[in-house]
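# A look at the structure
In case you want the letters, here they are:
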Amino acid sequence: MKSILITGGAGFIGSHVVRLFVKKYPNYKIVNLDALTYAGNLENIVDIEDSPNYKFIKGDICDESLVTQIFKEENITDVIHLAAESHVDRSIKDPLSFVRTNVFGTVTLLNAFVSAWKENFEGHVFYHVSTDEVYGSLDEGGYFLETTPYDPQSPYSASKASSDHFVRAYANTYKLPIKLTNCSNNYGPNQFPEKLIPLMINNIKNNQPLPVYGKGENVRDWLYVIDHARAIDEVFHNGKMGETYNIGGFNEWKNIDIVHLLCSIMDKKLGRQEGESSKLITFVTDRAGHDLRYAIDASKAMNELGWKPSLQFEEGLEKTVDWYLENEEWLERVTSGAYQTYYKEHYA
Ligand code: NAD
Ligand code: DAU
């Protein structure tokens with residue numbers, strides 16, 4: 001029987017991955033290890049917390065003795081590793097916390113995996129979830145391929161690139177059975193409102209300024225979070241061992257265009273006059289070292305695994321807005337307290 005350690009399963013993407021695996025694979029045991037930082041929230045997975053094949057453990061992936069104990073006591077066969085510090089703006093203020101979790105934490109998990117299965121890796125997988133940001137920034141043309149050289153530009157992406165290198169180095173040195181995915185920007189329910197889309201939804205709802213960095217010309221490639229979770233399921237089960245797959249929706253948008261689209265969707269939902277919310281748009285100081293454009297070529301995953309996104313962006317965005325409007329209490333809880341301090345300092 002598989003006993004899969006999913007790290008970061010109380011976060012945005014992790015919670016959707018945990019839900020998918022717990023529901024779809026009743027014969028697997030799913031162990032969710034999460035430190036419950038500001039970004040982790042057990043409310044995200046409250047609907048599956050009593051499932052017989054699920055167990056939550058509050059703890060830090062950097063805690064070597066805890067991780068070793070979990071491997072032994074839960075007889076962990078596989079790892080799907082999502083736990084990370086994930087916000088670029090925070091990495092600019094506090095790079096070391098990104099090195100700690102994203103690099104030291106990943107290596108701690110790799111070591112525990114090697115110790116647990118050094119006699120025989122057959123049938124086991126260490127799956128590392130990474131980001132397209134490791135490839136750097138594109139100009140107007142071209143795409144990131146799996147073979148694009150790494151060129152990380154922020155402390156966040158440098159820490160993720162480093163963790164990817166460690167995962168591949170363990171495959172080379174210890175013959176670790178690894179799989180990696182590098183995904184583009186996710187959006188959808190449960191995303192912490194420090195990120196562009198939920199931050200704008202929250203501010204539009206509360207009639208607050210909509211802080212667009214620079215001129216809003218930067219381009220991101222957006223994928224609905226449940227489509228990312230479906231891709232992880234596909235790669236975990238059917239992806240080739242040792243391989244990397246780029247995951248993305250071929251769905252590029254300038255930030256300013258997304259903000260206008262959100263304003264227009266929310267004007268309708270909130271009964272405001274068309275154009276009312278877009279008056280809140282405020283251009284603010286640009287992010288330091290702001291990557292201009294990300295664009296993923298996901299052909300390998302599509303051709304080899306038959307995976308493709310299930311939702312068009314406009315449909316996904318509308319579902320996302322609905323989720324935030326229907327989950328006001330969630331939004332209010334996560335934006336009270338420490339969020340207020342972060343917000344005031346960052347957008348001062
Ligand atoms: P998130 O910030 O929403 O969640 C991270 C989770 O990890 C939280 O539950 C947090 O409590 C937990 N965590 C943080 N430090 C920990 C530690 N030391 N020990 C244990 N748990 C810890 O992040 P997300 O957006 O869901 O991203 C998940 C993963 O996917 C990350 O590895 C990220 O780099 C990657 N990724 C994210 C995106 C995106 O658009 N959000 C895109 C591609 C890849
Ligand atoms: O590409 C994948 C990455 O996408 C993930 O690895 C990261 O974990 C995730 O945070 C995301 O990184 P970005 O920096 O692209 O996402 P963010 O939502 O922070 O910003 C999206 C764009 O919007 C970016 O160009 C910066 C801009 N922005 C963001 C915020 C928070 C604004 O203009 N205003 C804002 O207030």
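Residues numbered from 1 in each chain as written. Chains lettered and ligands numbered in written order. Predicted model: local features only at pLDDT ≥ 70, side-chain atom pairs only at ≥ 80, totals over all residues. Heavy atoms only, no water.

Moving on: the sheet that holds strand E9 (residues 219-224). Strand order in this open sheet of three strands is E7-E9-E11, and the pairing throughout is mixed. Every interior strand has two partners, whereas the edge strands, strand E7 (185-187) and strand E11 (252-254), have only one. Recorded for the sheet is a direction-independent mean angle of 50 degrees between the axes of neighbouring strands. Both E7 and E9 contribute to a ladder of three bridges, which runs parallel. Along E9, the bridge assignment pairs Tyr-187 with Tyr-224. (Pairing = 2+ DSSP bridges. Helix = DSSP H or I, 4+ residues; strand = E, 2+ residues; numbered from the N terminus. Axes fitted to C-alpha atoms, helices over the stretch in contact; angles between N-to-C directions.)

In this section: the pattern of salt bridges. Counting across every chain of the model gives 18 salt bridges. Among the ionic pairs, Lys-195 bridges to Glu-194, the shortest N-O distance being 3.6 Å. Neither Lys-195 nor Glu-194 differs from the other in exposure class; each is buried. Across the pair Glu-243 and Lys-300 runs a salt bridge whose closest N-O atoms are separated by 2.6 Å. With Glu-243 in the loop between helix H7 (225-238) and strand E10 (244-247) and Lys-300 in helix H9 (residues 299-305), this residue pair connects regions lying 57 residues apart in the sequence. Glu-243 gets classed as partly exposed once you look at its relative accessible area, which sits at 26%. (Salt bridge = Lys/Arg side-chain N within 4 Å of Asp/Glu carboxyl O. Buried < 20%, exposed > 50% of the residue type's maximum accessible area, 1.4 Å probe, protein only.)

Quick look at the site of ligand 1 now. What surrounds ligand 1 is a group of 28 residues, the closest being Ile-13, Asp-34, Ser-86, Tyr-156 and Lys-160. Note that an oxygen atom of ligand 1 is positioned 2.7 Å from one of the side-chain N or O atoms of Ser-86. Separating an oxygen atom of ligand 1 from a side-chain N or O atom of Lys-160 is a distance of 2.7 Å. Within the complex, the protein chains bury 96% of what would otherwise be the 840 Å² of accessible surface of ligand 1. (Near = heavy atom within 4 Å. Polar contact = N/O pair within 3.5 Å; in protein donor to acceptor, adjacent residues only side chain to side chain. Areas by Shrake-Rupley, 256 points an atom, 1.4 Å probe, with all protein chains shown as cover.)

Moving on, we get to H7. Compared with an ideal rise of 1.5 Å per residue, which puts 14 residues at 20 Å, H7 spans 20 Å between its outermost C-alpha atoms and is within 8% of the ideal. Within H7, the full set of buried residues consists of Val-225, Asp-227, His-228, Ala-229, Ala-231, Ile-232, Asp-233, Val-235 and Phe-236. (Expected span 1.5 Å × (residues − 1).)

Within the structure shown, the criterion is met by 25 aromatic pairs. Judged by centre distance (5.9 Å) and plane angle (70 degrees), the rings of Tyr-143 and Phe-250 are edge-to-face. Here Phe-250 lies in the loop between E10 and E11 and Tyr-143 lies in the loop between strand E5 (126-131) and helix H5 (155-174), a separation of 107 residues in the sequence. Look at Tyr-143 and you get partly exposed, because its relative accessible area is 41%. Centroid distance Phe-144 to Tyr-294: 6.3 Å. Interplanar angle 40 degrees. Geometry classified as tilted. (Phe/Tyr/Trp six-rings, centres within 6.5 Å; stacked < 30°, edge-to-face > 60°.)

Our focus in this paragraph is H5. Between its first and last C-alpha atoms H5 spans 28 Å; for 20 residues at 1.5 Å apiece the expected length is 28 Å, and the two agree. Every buried residue belonging to H5 is among Tyr-156, Ser-157, Ser-159, Lys-160, Ala-161, Ser-163, Asp-164, Val-167, Tyr-170 and Ala-171, and all of these are buried. On its buried face, H5 is in contact with helix H3 (88-93), helix H4 (95-117), E5 and strand E6 (178-183). Just beyond H5, the residue with positive phi is Lys-175, at close to 65 degrees. (Contact = heavy atoms within 4.5 Å.)

On to the pairing of E5. In terms of burial, E5 is a largely internal element, six of the six residues being buried. Across three bridges, the pairing between strand E4 (residues 78-81) and E5 is parallel. Across the sheet, His-81 pairs through a bridge with His-128, a residue of E5. Inspection of the sheet shows E5 paired to E6 by six bridges, in the parallel sense. When the sheet's bridge partners are listed, His-128 is paired in E6 with Leu-180. With respect to chirality, the unit in which E5 leads through H5 into the neighbouring parallel E6 is right-handed. (Right-handed = clockwise from strand over helix to strand, strands pointing away.)

It is worth spelling out the sheet that holds E5 at this point. Taken in spatial order, the seven strands line up as E3-E2-E1-E4-E5-E6-E10 in an open sheet, and their pairing is parallel. The strands lining the two open edges of the sheet, one partner per strand, are strand E3 (54-58) and E10. Neighbour to neighbour, the strand axes of the sheet diverge by 20 degrees on average, direction disregarded.

Near ligand 2 you find 23 residues, and of these Asp-132, Tyr-156, Arg-287, His-290 and Tyr-347 are the closest. Tyr-156 places a side-chain nitrogen or oxygen 2.6 Å from an oxygen atom of ligand 2. One nitrogen or oxygen atom from the side chain of Asn-185 is found 2.7 Å from an oxygen atom belonging to ligand 2. If one sorts the elements of the shell around ligand 2 by residue count, strand E8 (residues 210-213) sits on top with three residues.

A word on the packing of helix H1 (residues 12-24) against H7. Where H1 contacts H7, the axes come no closer than 9 Å and their chain directions differ by 55 degrees. Here H7 runs oblique to H1, going by the angle between their axes. The hand of the H1/H7 crossing is right-handed. Within the contact between the two elements, H1 uses Phe-12, Ile-13, His-16, Val-17, Leu-20, Phe-21 and Lys-24 and H7 uses Val-225, Ile-226, His-228, Ala-229, Arg-230, Ile-232, Asp-233, Phe-236 and His-237. (Parallel < 35°, antiparallel > 145°, perpendicular 65-115°, else oblique. Left-handed = near helix turned anticlockwise from the far one by under 90°.)

Let's shift gears to the nonpolar core. In terms of nonpolar packing, the biggest core is built from 42 residues, with Ile-6, Phe-21, Ile-30 and Ile-80 touching the most fellow members. Secondary-structure elements contributing two or more residues to this core are strand E1 (3-7), H1, E5, H7, E10 and H9. If you tally residues by element for this core, the top one is H1, at seven residues. Once you skip the residues sitting within four places of it in the chain, Ile-30 turns out to touch Ile-4, Ile-6, Val-18, Phe-21, Val-22, Asn-53, Tyr-54 and Lys-55. (Core = buried A, V, L, I, M, F, W, Y, C linked by side-chain atoms within 4.5 Å.)

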